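An overview of the molecular structure
In case you want the letters, here they are:
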Amino acid sequence: MTALTVNGMAVETTFDGPLLHLLRGELDLFAAKLGCGEGNCGACTVIVNGQAVQSCQTPLWDLEGAEVRTVEGLRADDPVIAAFMEENAAQCGFCIPGILMTVTALRDQGKGGDLLQTLDERHICRCGAHMRILRAARTVL
């Protein structure tokens, strides 16, 4: 049994597998996507204890007492979401939930750092929205 909090809701589960499968299969939270399944594309990124992590590579046995946030847990008026909407920084929407969670984690940590390098290393977006994504992220970091 693993007990954790997901978007403020207490969850106890005997599910044994990666966090992504709990989110999508058991909790009906579908924003995080299964992309590469190897933690390279960032489509499955969520926030665990304040850090952006690839949920497809995060085993549930390592999350006892953890606090998990997904895009569904962000407020509708969250400044990160507002910035992405203002810049029209999403096209197909497959990678955007993961990028939103990475930017949210960086904002919450007060880190801007090398945003381009961070997003380039952690996310693959094939839509060509990179410049709009960077403009949106820079407005909140």
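In what follows, the structure referred to is the one given above.
Residues numbered from 1 in each chain as written. Predicted model: local features only at pLDDT ≥ 70, side-chain atom pairs only at ≥ 80, totals over all residues. Heavy atoms only, no water.

1. A look at the overall build of the protein chain
Selection rule: Here a helix means four or more residues in a row that DSSP labels H or I, a strand means two or more in a row labelled E, and each is numbered from the N terminus. As a reference, a globule follows 2.2 Å times the number of residues to the power 0.38, and the radius of gyration itself is taken over C-alpha atoms. When accessible area is computed with a 1.4 Å probe and restricted to protein chains, residues below 20% of their type maximum are described as buried, those above 50% as exposed, and intermediate ones as partly exposed. For the accessible areas, the method is Shrake-Rupley and the probe is 1.4 Å, while residue cover comes only from the protein chains on display. We count Lys and Arg on the positive side and Asp and Glu on the negative side, and we leave His and both chain ends out. Here the site of a charge means atom NZ of a Lys, CZ of an Arg, CG of an Asp or CD of a Glu.
A tally of regular secondary structure across the protein chain gives five helices and five strands. Counting helices and strands in the order they occur from the N terminus, the protein chain gives β-β-α-β-β-β-α-α-α-α. The C-alpha radius of gyration of the protein chain comes to 14 Å, within 12% of the 14 Å expected for a compact globule of 141 residues. Each of the three principal axes of the protein chain carries a C-alpha extent, and together these read 45 × 25 × 25 Å. Buried residues in the protein chain amount to 45% of all 141 residues. In the structure as shown, the protein chain presents an accessible area of about 7,300 Å², 49% of it carried by carbon and sulfur atoms. Across the protein chain, the 11 positively charged side chains and the 17 negatively charged ones have centroids separated by 9 Å.

2. A closer look at the environment of Thr139
Put simply, the rule reads: Identification of polar contacts relies on pairs of N or O atoms within 3.5 Å, with a donor-acceptor requirement for protein atoms, meaning one able to donate a hydrogen and the other able to accept it, and with residues adjacent in sequence counted only if both atoms are side-chain atoms.
One can find Thr139 in helix α5 (residues 130-140). Distance in space between the C-alpha atoms of Thr139 and Ala83 is 6.8 Å, their sequence separation being 56 residues. At 2.6 Å, the side chain of Thr139 and the backbone oxygen of Ala136 are in polar contact.

3. Topic: the packing of helix α3 (residues 96-109) against helix α4 (residues 115-122)
Stated formally: Axis definition: a line fitted to C-alpha atoms, limited for helices to the stretch in contact. Angles are taken between N-to-C directions and run from 0 to 180 degrees. Working definition: roughly parallel below 35 degrees, roughly antiparallel above 145 degrees, roughly perpendicular at 65 to 115 degrees, and oblique for all remaining angles. Crossings are assigned a handedness: left-handed for a near helix turned anticlockwise from the far helix by less than a right angle, right-handed for a clockwise turn. Contacts are assigned to residue pairs that have any heavy atoms within 4.5 Å of one another. For this classification, the nonpolar set comprises Ala, Val, Leu, Ile, Met, Phe, Trp, Tyr, Cys and Pro, the charged set comprises Asp, Glu, Lys and Arg, and every other residue, Gly included, is treated as polar.
Packing of α3 against α4 brings their axes to within 11 Å, and their N-to-C directions diverge by 140 degrees. If you check the angle between α3 and α4, you find them oblique. Here α3 runs over α4; the crossing is right-handed. Judged by residue contacts, Ile99, Thr102, Val103 and Leu106 of α3 engage Leu115, Thr118, Leu119 and Arg122 from α4. The residue makeup of the contact of α3 with α4, split by class, is five nonpolar, two polar and one charged.

The analysis is restricted to geometry; functional conclusions fall outside its scope.
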